[in-house]
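# Topology and contacts: notes
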Amino acid sequence: LALTEGKPTETFLKMVQVPFHRAFAFIINEPHHSPTALWILGLVNITVSLCLLCAFYVLLRQIQIPYIPSVIGTLWLGVFINFNLYTRHLLSYDLGLLFFVTALLCLLYTNANEIKRTQLAGLLTALGITTYHGYFMMGFIIGIWLLFGNNFKRISVTQRIKHFTIGFLPLLILYEIIFYPGGHSFIGENLKISETINQGSHQEGLLFAWLYLTKIEGIAGIACLALFALAAIYFFTRKPP
């Protein structure tokens, strides 16, 4: 776990899969790395991706996006090549985002106990960061809602921060303790890996969505851009109810 460049939760969950993968390979009498034996790991990845789509749909509905646009938005996300391409990093990318989206959903729900859902949001955020640190911007989004969200009636901002921290810090402290005997630091690993995430062209930053949708998604991407343009025109020209 201490040699995972700041992604111990992802590594731990992959370790949990190993005995099931080995048992499955033994039962079907196939080598461990044969395509057939790897079905069980692929099934885990597919399940995580489907859960992410479900969480995305629930998130859209929770922020009061109408039913039909929510379904269409979820379908678009599900068929994009970008959503299904990263086989090598699938579990860390998708699972990390799933933790963050679920944490945000915990803060958005109004019917659950406010203290418990705030603590759970803290834990899920910690799981997200320790699964894949590239979604650090989701931490800022969750923090903004934690401070300014309007669906908290019983606890103050100070209490929200307190209970979020109670859920958030223990996992990070645990990993720091686990890393220490091997001469590593969880916080230090995250700071070090942040310096290596420098791929990509800054000149293409604002053009990336256009380039990706036209060159990678092709007809589907062009259709998505056209629908977005029509939706934007409708939004800015419609008469208020």
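Residues numbered from 1 in each chain as written. Predicted model: local features only at pLDDT ≥ 70, side-chain atom pairs only at ≥ 80, totals over all residues. Heavy atoms only, no water.

## Some points on the pattern of salt bridges
Pairing is possible between side chains of opposite charge, provided their charged atoms come close. Taken as a whole and assessed by the stated rule, the structure comprises three salt bridges. With a closest N to O distance of 2.7 Å, Glu-10 and Lys-14 form a salt bridge. Highlighted residues: Glu-10 and Lys-14, both in helix H1 (residues 8–28), separated by four residues, approximately one helical turn. Its relative accessible area of 35% is what places Lys-14 among the partly exposed residues. (Salt bridge = Lys/Arg side-chain N within 4 Å of Asp/Glu carboxyl O. Helix = DSSP H or I, 4+ residues; strand = E, 2+ residues; numbered from the N terminus. Buried < 20%, exposed > 50% of the residue type's maximum accessible area, 1.4 Å probe, protein only.)

## Notes on the layout of surface pockets
Reported here for the second largest pocket is a volume of approximately 640 Å³. If you go around the second largest pocket, you meet 16 residues; those closest to its centre are Pro-69, Gly-73, Leu-227, Phe-228 and Ala-231. For the lining of the second largest pocket, the secondary structure elements donating two or more residues are helix H3 (67–79) and helix H11 (219–237). Looking at the lining of the second largest pocket, the element that brings in the most residues is H11, giving six residues. Classifying every residue of the lining of the second largest pocket gives 14 nonpolar, one polar and one charged. (1 Å grid on protein atoms, 1.4 Å probe; cavity = no way out; pocket = protein on both sides within 12 Å on 5 of 7 lines; lining within 4 Å. Points joined across faces, edges and corners; volume = space filled by probe spheres on them. Nonpolar A, V, L, I, M, F, W, Y, C, P; charged D, E, K, R; others polar.)

## Description of the environment of Leu-52
Looking at where Leu-52 falls in the secondary structure, it is placed in helix H2 (residues 39–62). Residues within four places of Leu-52 in sequence aside, it is in contact with Phe-83, Asp-94, Leu-97, Leu-98 and Val-101. (Contact = heavy atoms within 4.5 Å.)

## Considering a nonpolar patch on the surface
A contiguous nonpolar patch, built from Leu-1, Phe-12, Met-15, Val-16, Phe-20, Leu-174 and Ile-178 and spanning about 620 Å² of accessible area, is present on the exposed surface. For the nonpolar patch, the secondary structure elements donating two or more residues are H1 and helix H8 (157–179). Top element by residues in the nonpolar patch is H1. It accounts for four residues. (Patch = residues over 30% accessible without salt bridge, like charges linked within 9 Å, V, L, I, M, F, W, Y side chains within 5 Å. Areas by Shrake-Rupley, 256 points an atom, 1.4 Å probe, with all protein chains shown as cover.)

## Topic: the nonpolar core
Grouped together as the largest cluster of nonpolar side chains are 41 residues, with contacts concentrated most on Val-101 and Ile-142. When contributions to this core are tallied by element, the ones reaching two or more residues are H2, helix H5 (90–108), helix H6 (114–131), helix H7 (136–148), H8 and helix H10 (208–215). In terms of residues, this core owes the most to one element, H5, which gives 12 residues. Excluding anything up to four places from it in sequence, Ile-142 contacts Phe-100, Ala-103, Leu-104, Leu-107, Thr-125 and Phe-164. (Core = buried A, V, L, I, M, F, W, Y, C linked by side-chain atoms within 4.5 Å.)

## Digging into unusual backbone geometry
The backbone of Asn-29 shows a phi angle near 60 degrees, a positive value even though the residue is not glycine. Along the polypeptide, Asn-29 turns up in the loop between H1 and H2. One non-glycine residue, Gln-64, adopts positive backbone phi at about 70 degrees. Here Gln-64 lies in the loop between H2 and H3.

## Observations regarding the packing of aromatic side chains
In this description, a pair of aromatic rings is defined by centroid distance and the angle of the planes. The tally for this structure, following the rule as stated, stands at 10 aromatic pairs. Measuring from ring centre to ring centre gives 6.5 Å for Phe-100 and Tyr-135, while their planes differ by 80 degrees; the resulting arrangement is edge-to-face. Of the two residues, Phe-100 sits in helix H5 while Tyr-135 sits in the loop between H6 and H7, which places them 35 residues apart along the sequence. In this pair, the class of Phe-100 matches that of Tyr-135, namely buried. Here the aromatic residues Trp-76, Phe-80, Phe-208 and Tyr-212 are joined through ring pairs into a cluster of three or more. Positioned above the aromatic ring of Phe-152 is the side chain of Arg-117, whose terminal nitrogen or guanidinium carbon lies 4.6 Å from the ring centre. (Phe/Tyr/Trp six-rings, centres within 6.5 Å; stacked < 30°, edge-to-face > 60°. Lys NZ or Arg CZ within 6 Å of the ring centre and 35° of its normal.)

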